[in-house]
Amino acid sequence: MTWKVLRKINSLLPEGDLPSPSWAPGRLLKQRERTPMAVGVPRRTQSLCPDCNREAVERVLKGEMDLADFRDNPGVVEAQILEEGGRILMRKACERHGPFEDALSNHPDFFRKMERLAFGRDFGCADDCGVHGHGPNRITSGRGTFLVVDLTNRCNMMCSPCFMDANAASYVHELTMEDIKVIFSNARSFKPQREINILFSGGEPTISPIFLDAIRHAKSVGFDRLHAATNGIRFAESRDLALQAREAGLHGVYLQIDGVSEEKNKHRGLRNYMPVRRQALENIAAAGMRTTLQVTVLNGVNNDGLGDIARFAIQNIDKIHGVVFQPIMFAGRDEYVSPDERYARRYPLTQLAFDLHEQTSMDWQPMRDWFPLSDVGIFAHLCDVLNPNAKLGSLFQEAHPNRGIFSALLVDTYHREAVPIPAFFDLEQFMRDIVEITDSGRLAAATKALVSLSLLRNFNQQKAPRGFGPRDLRRVLEDCFYRVTGSSDPRWSQKASEPEGRWRVMIFNGMWFQDAFNYDFAGICNSTTPVAIRQGEISFCAYYGGGWRKVVEHQSQTATLAEWHRTHGRHEIYANGKNVDLGQPVSGAEAKLVQIAREPLAVPTGD
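Residues numbered from 1 in each chain as written. Predicted model: local features only at pLDDT ≥ 70, side-chain atom pairs only at ≥ 80, totals over all residues. Heavy atoms only, no water.

J.: Any chance you could explain the overall build of the chain here in plain terms?
T.: Each helix and strand in the chain was counted, giving 21 helices and 18 strands. Taking 2.2 N^0.38 as the reference for a compact globule, 607 residues should give roughly 25 Å; the C-alpha atoms of the chain span a radius of gyration of 24 Å, in line with that estimate. With the C-alpha coordinates aligned to their principal axes, the bounding extent of the chain is approximately 75 × 55 × 55 Å. The burial tally for the chain puts 61% of its 607 residues in the buried class. (Helix = DSSP H or I, 4+ residues; strand = E, 2+ residues; numbered from the N terminus. Rg over C-alpha atoms; globule rule 2.2 N^0.38 Å. Buried < 20%, exposed > 50% of the residue type's maximum accessible area, 1.4 Å probe, protein only.)

In structure tokens form, the structure reads like this:
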């Protein structure tokens, strides 16, 4: 009743103006002022001809085409997105190479729901001509959520799949400290200036000779959310490396894992895959960092083991922050995949929600419990409204709804059990309420009061887990804001790496990076994951799926592979069933996975 009364009063009052933070190119945007994302079925868009794109890249490498020509025409063709036979398809045809078809979804209703719920775009980029100038692949809006910094194209494994095709090039491409300084200078050179996660990647970033120095430099110039995307071998081999990385400023680790058994990871070529992962988790946690599991999903290979990964993450919530599922992108080592193999191994993003529903027993409902990743931007916008004097903007997700989805689980850390938050809290309505509240442009106190009332009105106590009440809900929400708010909050790092209390939120993300076969330029202009190179920032999909990586690495290669080996020696490569020597086995390596109970949630008592 209080909510209804105050909402009515709020609607009768004239709207206020939103603030103009120093980091933004203008006033914060209200919902009606945001540019909507390009969605809808059917619709027409622009894509790439895989063969034209590949030929253009090869011509640049041979010196037959200059970079400007490739930038302006990397093989663009018209494409159509349509529904047919219970699937959402992309169809396109090249005058020279004929037709191409790929599946975007086998669940049209879910696909449309993600598009319907998508939050609009962020600010357009301003004063960024020297950073984002990549022709039709140019990023035109947004802050990005992750800035990927590829330190090296070398790796200590020889995996398939590998979107970089690490260890297969005839040259070595490694960033120098001078490159690092330019990259982080570029990252602060335009508006909106943003809080962003830095993801040091590769290849394998931990074998780069400047790995620790690059972390230190990023920290010294004001970047606090520093992560490494790794196969975990060096962290498993050396707890000292994890401690040194933490001391240098590393905040967290993205650990590659495709299943919780050797069978589900045998395509990675490492014989003792799971002992390495468990030891890496232990050493990373001992250094005061938490891990996000990064899973490449291949149809017919590991898609039937995703529920096991969810259970593994919940069991290890003291060490694991969340899970990112990434359907395979046919780039790098898989660029020349045959049509038959591509059809067989393709894993549409929307299938993730349905597989996790079938493979777990916690009533994880696809149509109720999943949302487009861009909706995280609603909470970032709330932080920006409440903190107009912040030096940097919050982490504003702008992933296209066809490419990014998420689901939030509430985990009982005492019993290692989980439940989807929408089972007892109307998250969809809560997000609509926040948009309405922030658009009204009230003072911070009124905004907070209205958000608190919305929190209570969308909470169903009878469906909540036993012992979980309104105070727990409020604390959990407040504790979650570290995921998007600025790191200027002195409690940010502690909340992120040392969460307290019985109840915690674990986020499961699905991120589908585009390759040349399902490329959609509508999802490129607002890239949420740009790759930082000396020449600026470019969409992850354009860099790996659109051919830019080969061009950039070829033009700025450090040395031929033979020259590198003569001056630096050969590093160890763990492939073809080779073991990593871990010394003593990690304690608890044989721990059994928890079961997520199917029984209905108990009605809470007064305890």
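J.: In this structure, what is going on with the side chain of Glu 115? I would like to understand it.
T.: Mapped onto the secondary structure, Glu 115 falls in helix H4 (residues 108-117). Buried within the structure, Glu 115 lacks any salt-bridge partner; its nearest side chain of opposite charge belongs to Arg 43, at an N-O separation of 4.5 Å. Engagement of the side chain of Glu 115 in a polar contact is seen with the backbone nitrogen of Gly 40, the distance being 2.8 Å. Glu 115 has contacts with Val 39, Gly 40, Val 41, His 400, Pro 401 and Asn 402, leaving out every residue within four places of it along the chain. (Lys, Arg positive; Asp, Glu negative; His and termini not counted. Salt bridge = Lys/Arg side-chain N within 4 Å of Asp/Glu carboxyl O. Polar contact = N/O pair within 3.5 Å; in protein donor to acceptor, adjacent residues only side chain to side chain. Contact = heavy atoms within 4.5 Å.)

J.: Could you clarify how one ought to interpret a nonpolar patch on the surface in this entry?
T.: A contiguous nonpolar surface patch, about 330 Å² in accessible area, is contributed by Val 5, Leu 6, Ile 9 and Leu 13. You can call Ile 9 partly exposed: its relative accessible area is 43%. (Patch = residues over 30% accessible without salt bridge, like charges linked within 9 Å, V, L, I, M, F, W, Y side chains within 5 Å. Areas by Shrake-Rupley, 256 points an atom, 1.4 Å probe, with all protein chains shown as cover.)

J.: Would you mind showing me how to read the sheet that holds strand E1 (residues 43-48) here?
T.: Each strand in a sheet pairs with another by means of backbone hydrogen bonds, the pair being arranged parallel or else antiparallel. Across the sheet, four strands lie side by side as E1-E2-E3-E4; this open sheet has antiparallel pairing. Each of the sheet's edge strands pairs with one partner strand only, and the pair in question is E1 and strand E4 (98-105). Direction aside, neighbouring strands of the sheet carry axes that sit 30° apart on average. Where E1 lies against strand E2 (residues 76-84), six bridges are found, and the strand directions are antiparallel. The residue of E2 that forms the bridge with Leu 48 is Val 76. (Pairing = 2+ DSSP bridges. Axes fitted to C-alpha atoms, helices over the stretch in contact; angles between N-to-C directions.)

J.: Please explain the pairing of strand E17 (residues 536-539) as it appears in this structure.
T.: Look at any regular strand and the pattern is simple: side chains alternate between the two faces of the sheet. As paired strands, strand E16 (residues 530-533) and E17 are joined by four bridges and run antiparallel to one another. Each residue of the ladder has a partner; that of Ala 532, found in E17, is Glu 537.

J.: Is there a simple way to think about helix H5 (residues 177-186) in this case?
T.: Structurally, the α-helix is built with 3.6 residues per turn, so residues lying three or four positions apart point the same way. Asp 179, Ile 180, Ile 183, Phe 184 and Asn 186 are the residues of H5 that are buried. One face of H5 carries all of its buried residues, which in axial projection span an arc of 155°. Where H5 is buried, its residues meet strand E5 (146-150), strand E7 (197-201), helix H6 (211-220), E16 and E17. (Arc of directions from axis to C-beta.)

J.: Is there a simple way to explain the packing of helix H15 (residues 427-439) against helix H16 (residues 444-457) in this structure?
T.: Two quantities define a packed helix pair, namely the angle between the helix axes and the distance between the axes. Between H15 and H16, the shortest axis-to-axis distance is 10 Å and the interhelical angle comes to 165°. Classified by the angle between their axes, H15 and H16 sit roughly antiparallel to one another. Of the two elements, H15 crosses H16, and the hand of that crossing is right-handed. Note on element contacts: H16 touches H15 through Thr 447, Leu 450, Val 451, Ser 454, Leu 455 and Arg 457, opposite Gln 429, Phe 430, Asp 433 and Ile 437. The residue makeup of the contact of H15 with H16, split by class, is five nonpolar, three polar and two charged. (Parallel < 35°, antiparallel > 145°, perpendicular 65-115°, else oblique. Left-handed = near helix turned anticlockwise from the far one by under 90°. Nonpolar A, V, L, I, M, F, W, Y, C, P; charged D, E, K, R; others polar.)

J.: Would you explain the nonpolar core in this entry?
T.: The tendency in soluble globular proteins is for nonpolar side chains to be buried side by side. With 161 residues, the main nonpolar core has Val 149, Phe 200, Phe 235, Leu 250, Phe 325 and Trp 370 as its most contacted residues. With residues up to four places along the chain from it excluded, the contact list for Phe 200 reads Val 149, Leu 151, Phe 184, Pro 205, Ala 214, Ile 215, Ala 218, Leu 226, His 227, Ala 228 and Ala 229. One finds Leu 18, Leu 28, Leu 29 and Phe 123 within the second-largest nonpolar core, a separate group that totals seven residues. (Core = buried A, V, L, I, M, F, W, Y, C linked by side-chain atoms within 4.5 Å.)

J.: So what exactly am I meant to see when it comes to helix H2 (residues 50-61) here?
T.: Counted at 1.5 Å a residue, the expected span for H2 with its 12 residues is 16 Å, and the 17 Å between its end C-alpha atoms agrees. On its buried face, H2 sits against E1, helix H3 (67-72), strand E3 (87-94), E4, helix H19 (540-545) and helix H20 (548-555). Backbone geometry just after H2 places Gly 63 at a positive phi near 80°. (Expected span 1.5 Å × (residues − 1).)

J.: Explanation requested: empty space enclosed by the protein in the structure shown.
T.: One simple way to see leftover space: roll a probe sized like a water molecule over the atoms. Counted by the stated rule, this structure contains seven cavities of 30 Å³ or more. Computed from the structure, the second largest cavity encloses a volume of approximately 170 Å³. Lining the second largest cavity are 17 residues, with Asn 53, Glu 335, Tyr 544, Gly 545 and Gly 547 positioned closest to its centre. Those elements that provide at least two residues to the lining of the second largest cavity are H2, H19 and H20. Element by element, the count of residues in the lining of the second largest cavity is highest for H2, at four residues. Within the lining of the second largest cavity, the residues separate by chemical class into nine nonpolar, four polar and four charged. (1 Å grid on protein atoms, 1.4 Å probe; cavity = no way out; pocket = protein on both sides within 12 Å on 5 of 7 lines; lining within 4 Å. Points joined across faces, edges and corners; volume = space filled by probe spheres on them.)

J.: What exactly am I supposed to notice about the state of the cysteines here?
T.: For the structure on display, the rule yields zero disulfides. No disulfide involves Cys 49; its sulfur sits 3.6 Å from that of Cys 52, the nearest cysteine. Residue class for Cys 49 comes out buried when judged on its relative accessible area of 1%. Exposure remark for Cys 52: the relative accessible area of 17% places this residue in the buried category. (Disulfide = S-S within 2.5 Å.)

Remember, this is a structural readout, not a statement about activity or role.
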